[in-house]
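# Chains, contacts and geometry: an overview
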Amino acid sequence: MTLAVALPAMGQKIYKQQLPDGSVVYADHRIKGAKLLYQVEMPDTLVPPAARAGASGPGADTAALDKRLRERAVALDRTQREVVDAERALAEAKRQLEVGKELLPGEIQISATGGSRVLPEYYDRIKKLEENAAKAQTRLDRAYSERNQLR
């Protein structure tokens, strides 16, 4: 008896899965051979019959759930693309910084006595490359944060 009462009170899981052919499916169960993209724990949607009388029916609940899931999927896909783009931008900024550490011909000055010194132009260029890498890291951190909030 206790089990019969407890089961309807449990939330339902909705799974977003990608089939081997690339199509995306939403289901309340795992599909064999499908890649799990994410899952959502839905709160208990059971409504007392008295409150349900004013609603337009179970079709409206399903449509609202479908709309919420589609909006959530679009938002997650958007944030995932931003994470990937930000990761690429950070990798490129780090690569440019490593390559940029090499002295360019106009950035070193050789004195008449045979000594040399690095000119301020080199340090300015390195500073800009480091700032670009820091901005890319900030962008990636922000993208991770947005994605995690949606999950």
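Here the structure is shown first, and the text comes after it.
In what follows, the accompanying structure is described. (Residues numbered from 1 in each chain as written. Predicted model: local features only at pLDDT ≥ 70, side-chain atom pairs only at ≥ 80, totals over all residues. Heavy atoms only, no water.)

Two faces belong to every sheet, and in a regular strand the side chains alternate between them. In this structure, strand E1 (residues 12-18) lies alongside strand E2 (residues 24-27), joined through four bridges in antiparallel fashion. The partner of glutamine 17 across the bridge, within E2, is valine 25. (Pairing = 2+ DSSP bridges. Helix = DSSP H or I, 4+ residues; strand = E, 2+ residues; numbered from the N terminus.)

As enumerated under the stated definition, the model contains seven salt bridges in all. Taking the shortest distance from any N to any O, the salt bridge between aspartate 85 and arginine 88 comes out at 3.9 Å. Here arginine 88 and aspartate 85 lie together in helix H3 (residues 58-100), a separation of three residues that amounts to about one turn. Exposure remark for aspartate 85: the relative accessible area of 35% places this residue in the partly exposed category. Among the ionic pairs, glutamate 98 bridges to lysine 101, the shortest N-O distance being 3.2 Å. (Salt bridge = Lys/Arg side-chain N within 4 Å of Asp/Glu carboxyl O. Buried < 20%, exposed > 50% of the residue type's maximum accessible area, 1.4 Å probe, protein only.)

It is worth spelling out the nonpolar core at this point. In this structure, Val83, Ala86, Leu90, Ala93, Ala133, Ala136, Leu140 and Ala143 together form the largest nonpolar core, which totals eight residues. For alanine 136, the residues in contact, after removing those within four places along its chain, are Ala86, Ala89, Leu90 and Ala93. In terms of nonpolar packing, the next biggest core, distinct from the first, is built from seven residues, Tyr38, Val40, Met42 and Ala73 among them. (Core = buried A, V, L, I, M, F, W, Y, C linked by side-chain atoms within 4.5 Å. Contact = heavy atoms within 4.5 Å.)

A word on the packing of aromatic side chains. Counted by the stated rule, this structure contains one aromatic pair. Relative to tyrosine 123, the ring of tyrosine 122 has its centre 5.4 Å away and its plane inclined at 75 degrees; by these criteria the two rings are edge-to-face. (Phe/Tyr/Trp six-rings, centres within 6.5 Å; stacked < 30°, edge-to-face > 60°.)

With respect to the helices, strands and loops of the structure, lysine 16 is situated in strand E1. The contacts of lysine 16, once residues within four sequence positions are left out, are Val24, Val25, Tyr26, Lys35, Leu36, Leu37, Tyr38, Ala73 and Asp77.

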